[in-house]
Amino acid sequence: MIEERRLHDVKEAERLIQKCGLSVNYNVDYTVGLFYDDELIATGSLCGDMLQMVAVAPDHQGEDLASVVVTHLIKHAMETGKNNLCLFTKPEKVNMFVPLGFNIVAIAKPYAALLEWGRPGIQEYVRDIKAKAKDFDGGSSAIVMNCNPFTLGHLYLIETAASKSSRVFILAVQEDISAFPFDVRYKLICDGTSHLPNVTVIPGGRYVVSSLTFPSYFTKDTELANAHSAIDVEIFLKHVVPALGITRRYIGTEPFSPVTEIYNKTMKERLIPAGVEVVEIPRIEKSGMAISASRVRSLLSQGNIEDVKELVPESTYNYLISESAAPVLDKLKRVKDSIGFLPNSKHLV
């Protein structure tokens, strides 16, 4: 008889997970095991709202044990207040999860597929961004930006797009692990573009360059960048493009980050054949160097606010010299002091 048990350490399932060709994540929240005569024959874990490491012993595959594991994990997630779950799987395994109530968010062949269960999900996200777009009927441009913080380089890219487009949507990366919190970054973008009547700023949510869709952007794992960027671009193409009537996406040249360079390449490979033009704009320079958010952060970490003034819009500068910016500036200085330098974090534009 098969018995379900909670595993108190994912290491108990490590051998089976690796035997099934999966990587082990030791930082999960919950792991379940299925046992037959005290032998572990199937397992799966929850990490936040993500199902991970669903594995079935090779000599027990075909017995529908993956469904038992997934159903158990869904039940546990609901008991802990989670109503929306996601998982990555290989494109050829999508049909294994659809009967369990999972919806396909995007498939990026040959790499992976992203599926989700429950609500709110991608449908609610699309409805929300369409409402923010109001009555616009298409032919718009899009830019995805982190803006950590908002610089003259960002403004130049936006103004270039605005001068050539009837409507520009700025999708602000919402993942809140940058030096500048999302609410600050969002306000700086809005304030810095307030003179452009055809520009609308929208929070990117969890479906645009987040740790869900594009974890290598945050983990700096370039080996997975092709797969993650493909998923992110496919979500953009399948859901964001029709919701906002996008026909063109603007990007900045990327001289600093290998991951973002891969992301830009992936956009061209997947968007252009689908009818979305990709326009790459060279970065503007100041004093012989490209204006970048990482350059601004480095100067701020050194307390060099005067040199920052020529790299950012007036609205950003006014924030940086305000009392509200003190916690962020202190954090930047602490990071520099603790490791001897300020990390050159990746950024999209």
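In the block above lies the structure referred to throughout.
Note that the structure is predicted; figures quoted are calculated from it, not measured.

Before going further, it helps to examine the sheet that holds strand E3 (residues 39-47). Strand pairing in a sheet takes place through backbone hydrogen bonds and is either antiparallel or parallel in direction. If you walk across this open sheet you meet the seven strands as E1-E2-E3-E4-E5-E7-E6, and the pairing is mixed. The sheet is open, and its two edges are formed by strand E1 (2-7) and strand E6 (103-108), each paired on a single side. Shown here is a sheet whose adjacent strand axes are inclined to one another by a mean of 20°, direction ignored. In terms of strand pairing, strand E2 (residues 30-36) meets E3 through seven bridges, oriented antiparallel. Note on E3: the bridge partner recorded for Thr31 is Ser45. Seen against the sheet, helix H2 (residues 65-79) touches E1, E2, E3, strand E4 (50-56), strand E5 (84-89) and strand E7 (112-118) and runs at an angle of roughly 40° to E3.

Another point: the pairing of E2. Burial runs high along E2: six of the seven residues are buried. Connecting E2 to the antiparallel partner E3 that follows it, the hairpin turn spans two residues, and Asp37 within it adopts a positive phi of roughly 55°.

So, on to a nonpolar patch on the surface. Taken together, Val98, Ile104 and Ile107 make up a surface patch of nonpolar side chains, about 190 Å² in accessible area. Secondary-structure assignment places Ile107 in strand E6. Residue Ile107 is classed as partly exposed on the basis of its relative accessible area of 32%.

In this structure the tally under the stated criterion is 10 salt bridges. Close ionic contact of Asp49 with Arg206 constitutes a salt bridge, the shortest N to O distance being 2.6 Å. Note that Asp49 is positioned in the loop between E3 and E4 and Arg206 in the loop between strand E10 (199-203) and helix H7 (216-219), a separation of 157 residues in sequence. By relative accessible area, Asp49 is classed as partly exposed at 27%. Judged by its relative accessible area of 25%, Arg206 is partly exposed.

Definitions and cut-offs
Residues numbered from 1 in each chain as written. Predicted model: local features only at pLDDT ≥ 70, side-chain atom pairs only at ≥ 80, totals over all residues. Heavy atoms only, no water. Pairing = 2+ DSSP bridges. Helix = DSSP H or I, 4+ residues; strand = E, 2+ residues; numbered from the N terminus. Axes fitted to C-alpha atoms, helices over the stretch in contact; angles between N-to-C directions. Contact = heavy atoms within 4.5 Å. Buried < 20%, exposed > 50% of the residue type's maximum accessible area, 1.4 Å probe, protein only. Patch = residues over 30% accessible without salt bridge, like charges linked within 9 Å, V, L, I, M, F, W, Y side chains within 5 Å. Areas by Shrake-Rupley, 256 points an atom, 1.4 Å probe, with all protein chains shown as cover. Salt bridge = Lys/Arg side-chain N within 4 Å of Asp/Glu carboxyl O.

Honestly, that's just the spatial picture; any functional story needs more than this.
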